[in-house]
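# Inside the fold
The primary structure of each chain is shown beneath.
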Amino acid sequence: MSIEDREEFLAGMHIGILGVDDPRDGSGPLLVPLWYSYRPGGQVTIQTGRKTLKARLIRDAGRFSLCAQDEAAPYRYVSVEGPVTAVTDPLPPAEHEALAHRYLDTDTAAAYLAANRRQLTDDVLIRMRPQRWRTADFSAFAAEFDA
């Protein structure tokens, strides 16, 4: 993918899979699905509970990875990895609201926000600067089979 294509794709509506090293027992990295936000040229933002394993591992590693994909053909994905640039504690209400409205319709977002007010005191906002990108777009490959 071109730089513009990969950034547009990452900015699109996807559930991200966060990956962060978990050195505790020699097993593989921690991988978890989550909501995220990204604007082309900007930083990836996620929110999580400050006391979660995810938050502890990100703090220890100082970086994380995120992968977003299309699950329908033609398959595409963008993976980014980079350093944490900021942790905002507690979670800013405007960021919490924006993420809810990114993933949910207006009425559902309002209900979600009302039911999850505690996140404003329990969660943190983490920003990551994409440093390494990996992408694939199988559209051209799939087009060979349509001919």
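Provided above is the structure to which this section pertains.
From a predicted model like this one, the values you see are computed outputs, not experimental measurements.

Scanning the chain from N- to C-terminus turns up 6 helices and 7 strands. Helices and strands appear in the chain in the N-to-C order α-β-β-β-α-β-β-α-α-α-β-β-α. Principal-axis analysis of the C-alpha atoms places the extent of the chain at approximately 55 × 45 × 25 Å. For the chain, with 147 residues in total, the buried portion stands at 35%. Long-range pairs, those at least 24 residues apart, make up 70% of the contacts in the chain with a sequence separation of at least 6. Here the chain displays about 8500 Å² of accessible surface, and carbon together with sulfur accounts for 52% of that area.

Take the pattern of salt bridges next. Applying the stated criterion to the full structure yields 7 salt bridges. Here Arg63 ties to Glu81 by a salt bridge, and the two come within 2.3 Å at their closest N and O atoms. With a gap of 18 residues between them, Arg63 in strand β4 (residues 63–70) and Glu81 in strand β5 (residues 76–88) connect regions that are remote in the sequence. Note on Arg63: relative accessible area 29%, which makes it partly exposed. On the accessibility criterion, Glu81 (10% relative accessible area) is buried. Residue Asp70 is joined to Arg76 by a salt bridge in which the shortest nitrogen-to-oxygen separation is 2.7 Å. Take Asp70: its relative accessible area is 21%, and that puts it in the partly exposed class.

With respect to the secondary-structure elements, Met1 resides in the segment before α1 (3–11). The spatial distance from the C-alpha of Met1 to the C-alpha of Arg76 is 9.3 Å, given a sequence separation of 75 residues. The residues touching Met1, leaving out its near neighbours within four places in the chain, are Arg6, Phe9, Arg76, Tyr77, Val78, Thr135, Ala136 and Asp137.

Topologically, Ser79 is positioned in strand β5. Discounting chain neighbours no more than four positions away, the residues touching Ser79 are Leu66, Cys67, Arg132, Trp133 and Arg134.

With that settled, consider the side chain of Glu7. Secondary-structure assignment places Glu7 in helix α1. For the buried Glu7, no salt bridge exists, and the shortest N-O distance to an oppositely charged side chain is 4.9 Å, to Arg6. From its side chain, Glu7 meets the backbone nitrogen of Gly41 in a polar contact 3.0 Å long. Setting aside chain neighbours within four positions, we find Glu7 in contact with Tyr38, Pro40, Gly41 and Trp133.

Attention shifts here to the packing of helix α3 (residues 93–103) against helix α4 (residues 106–115). The contact between α3 and α4 brings their axes to 8 Å, and the two run at 140°. In terms of orientation, α3 lies oblique with respect to α4. The two elements α3 and α4 meet at a crossing, and its hand is right-handed. The segment α3 lies against α4, with His96, Glu97, Ala100 and His101 engaging Thr106, Ala109, Tyr112 and Leu113.

The rules behind the values
Numbering of residues begins from 1 in every chain and follows the order in which that chain's sequence is written. With pLDDT at 70 or above as the cut-off, local features in this predicted model cover only qualifying residues; side-chain atom pairs require 80 or more to be listed or tallied, and sums for whole chains, interfaces and linings still use all residues. Note that the side-chain values use all heavy atoms of the structure and ignore hydrogens as well as water. Runs of E in the DSSP output that reach at least two residues are strands. Runs of H or I that reach at least four are helices, and both are numbered from the N terminus. Burial classes follow relative accessibility: with a 1.4 Å probe on protein chains only, a residue under 20% of its type's maximum area counts as buried, one over 50% as exposed, and anything between as partly exposed. Note on contacts: a residue pair qualifies if any of its non-hydrogen atoms lie within 4.5 Å across the two residues. Values of accessible area rely on a 1.4 Å probe in the Shrake-Rupley scheme; residue burial ignores everything except the protein chains shown. The salt bridge definition used is simple: a Lys or Arg side-chain nitrogen within 4 Å of an Asp or Glu carboxyl oxygen. Counted as positive: Lys and Arg. Counted as negative: Asp and Glu, with His and the chain ends omitted from the count. Within 3.5 Å is the distance limit for a polar contact, defined as a pair of N or O atoms, with the added protein rule that one can donate a hydrogen and the other accept it, and that residues adjacent in sequence qualify only through two side-chain atoms. Every axis in this analysis is a line fitted to C-alpha atoms, fitted for helices over the stretch in contact. Angles between the N-to-C directions lie between 0 and 180 degrees. With respect to orientation, any angle under 35 degrees is reported as roughly parallel, any angle over 145 as roughly antiparallel, any angle of 65 to 115 as roughly perpendicular, and every other angle as oblique. When the near helix sits turned anticlockwise from the far one by under a right angle, the crossing is termed left-handed; a clockwise turn instead gives a right-handed crossing.

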